[in-house]
Amino acid sequence: MEIQANFSLRKLNTFGIEAKAKQFVAVHSVQDLETILIENKSQKKFILGGGSNMLLTQDIEALVIHIDLKGKKIIEESEDFVWVESQAGESWHEFVLWTIDQNFGGLENMSLIPGNVGTTPVQNIGAYGTEIKDTFISCEAMTIENQKMKTFTKDECHFGYRESVFKNEVKNQYIITSVIFKLTKTNHKINTSYGDITAELAKNNITNPTLKEVSNAVIAIRQSKLPDPKELGNSGSFFKNPILLKSDFEKIHQQFPEMKYFDISETEVKVPAGWLIEQAGFKGKRFGDAGIHKNQALVLVNYGNATGQEILNVSKDIQETVFNIFGIHIEAEVNVI
């Protein structure tokens, strides 16, 4: 394993931001990871996965450890279920497609989400009515401090909306090395409750969709709304959809009766951040090489040579304007470095 100095991270973050790592190393096994952590104990460290959920606003004055652990396997199965383990460095989308090819159900609604498997529990990623927590069994993680391995069960992960223990109580303490999911082999719970999926399936005259057909519908929807990071730098949804108490929301809704919302409990509603941003006039706007995508106001983009700071400034402008108009604070989903 060679540690490289002054390493460009442009190709390792989906925004395509030019930033340098003071030192950089890619690890391809748990043993490699342990060795690097032991040999560089006093070094400041930065753990890098798929680079899909971060905005680099500066060079990283640390040892960047790129988690590139590969492999996936079936570890247990019954008549109706299968337990599948994936290493942290596997591409999430490629892993989802692999499960669908095996006719394993549960991840199809999360097709085409960028990033690697190892970072999915951190964010409790989700799309179209499903989240990681729905199929997650456990993950293996190594402590950065003493290289001990720990298994985190679903309960121990404290999953919430785009939240987990890894973003809160144990932030920057562990490196996830593998994840186990429990998927269906029979009686798949096909979830087409979101209007976009229903419409896409209807367009193709599909009334009883397979896992593959649901995945294809999700891919088509995402491709119509979201730019490919390989062609236009972005990190998917930049903001979380705000969750409001119904009592607070009702006052705002009286002023803005056209505001869209979804009930998520007896006391809370979720408001689409994309709708708020679009109503605030930002959809499709460009500020130099930083901008907001023309098809999806939730997505901030790098048209070529935007700096992370320029994209961050646009995001702050959006937050401020949305708050001034609607009195709603929208929170960044992306980690700002």
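These figures come from a predicted structure and were not determined experimentally.

Okay, the nonpolar core next. Judged by nonpolar contacts, the single largest core of 44 residues is most densely connected at Met259, Leu276, Ile277, Ile311 and Ile318. The set of elements that each furnish at least two residues to this core consists of strand E2 (20–27), strand E3 (45–48), strand E4 (54–55), strand E5 (60–67), helix H6 (246–255), helix H7 (273–279), strand E18 (290–292) and helix H8 (308–326). It is H8 that contributes the most residues to this core, 6 residues altogether. Dropping the residues within four chain positions of it, isoleucine 311 is found in contact with Phe15, Ile17, Leu55, Phe238, Ala290, Leu300, Val301, Asn302 and Ala306.

The subject of this paragraph is the sheet that holds strand E15 (residues 262–263). A sheet is described by the order of its strands in space; here 3 strands give the open sequence E14-E16-E15, paired in antiparallel fashion. The open sheet has two edge strands, strand E14 (243–245) and E15, and neither has a second partner. Bridge analysis of E15 against strand E16 (residues 268–270) gives 2 bridges, and the strand direction is antiparallel. Residue pairing in the sheet places phenylalanine 262 in a bridge with lysine 270 of E16. Strands E14, E15 and E16 of the sheet are contacted by H6, whose axis makes an angle of about 95 degrees with E14.

Looking at helix H1 (residues 30–39), one finds that the buried residues are Leu33, Ile36 and Leu37. Down the axis of H1, the sector holding all buried residues measures 95 degrees, keeping them to one side. Counted as exposed and oriented over 90 degrees from the buried face of H1: Gln31 and Glu39. As for H1, its buried residues are in contact with E2, E3, E5, strand E10 (136–143) and strand E12 (174–184).

Let us now look at the state of the cysteines. Taken as a whole, this structure holds 0 disulfides when the rule is applied. Cysteine cysteine 139 shares no disulfide, and the gap to the nearest cysteine sulfur, in cysteine 157, comes to 4.6 Å. Residue classification places cysteine 139 among the buried positions, given a relative accessible area of 1%. Residue cysteine 157 is classed as buried on the basis of its relative accessible area, which comes to 0%.

On to the layout of surface pockets, then. Volume-wise, the second largest pocket comes out at about 860 Å³. Mapped by element, the contributors of at least two residues to the lining of the second largest pocket are helix H2 (92–101), helix H5 (211–225) and strand E13 (233–234). Grouping the amino acids of the lining of the second largest pocket by side-chain chemistry returns 10 nonpolar, 17 polar and 9 charged.

Time to look at the sheet that holds E18. Taken in spatial order, the 4 strands of this open sheet run E13-E19-E18-E17, and their pairing is antiparallel. Every other strand in the sheet has two partners, leaving E13 and strand E17 (286–287) as the edge strands with one partner each. Pairing of E13 with strand E19 (residues 300–302), which is carried by 2 bridges, proceeds in the antiparallel orientation. Residue pairing in the sheet places asparagine 234 in a bridge with valine 301 of E19.

The rules behind each value
- Residues numbered from 1 in each chain as written.
- Predicted model: local features only at pLDDT ≥ 70, side-chain atom pairs only at ≥ 80, totals over all residues.
- Heavy atoms only, no water.
- Core = buried A, V, L, I, M, F, W, Y, C linked by side-chain atoms within 4.5 Å.
- Buried < 20%, exposed > 50% of the residue type's maximum accessible area, 1.4 Å probe, protein only.
- Helix = DSSP H or I, 4+ residues; strand = E, 2+ residues; numbered from the N terminus.
- Contact = heavy atoms within 4.5 Å.
- Pairing = 2+ DSSP bridges.
- Axes fitted to C-alpha atoms, helices over the stretch in contact; angles between N-to-C directions.
- Arc of directions from axis to C-beta.
- Disulfide = S-S within 2.5 Å.
- 1 Å grid on protein atoms, 1.4 Å probe; cavity = no way out; pocket = protein on both sides within 12 Å on 5 of 7 lines; lining within 4 Å.
- Points joined across faces, edges and corners; volume = space filled by probe spheres on them.
- Nonpolar A, V, L, I, M, F, W, Y, C, P; charged D, E, K, R; others polar.

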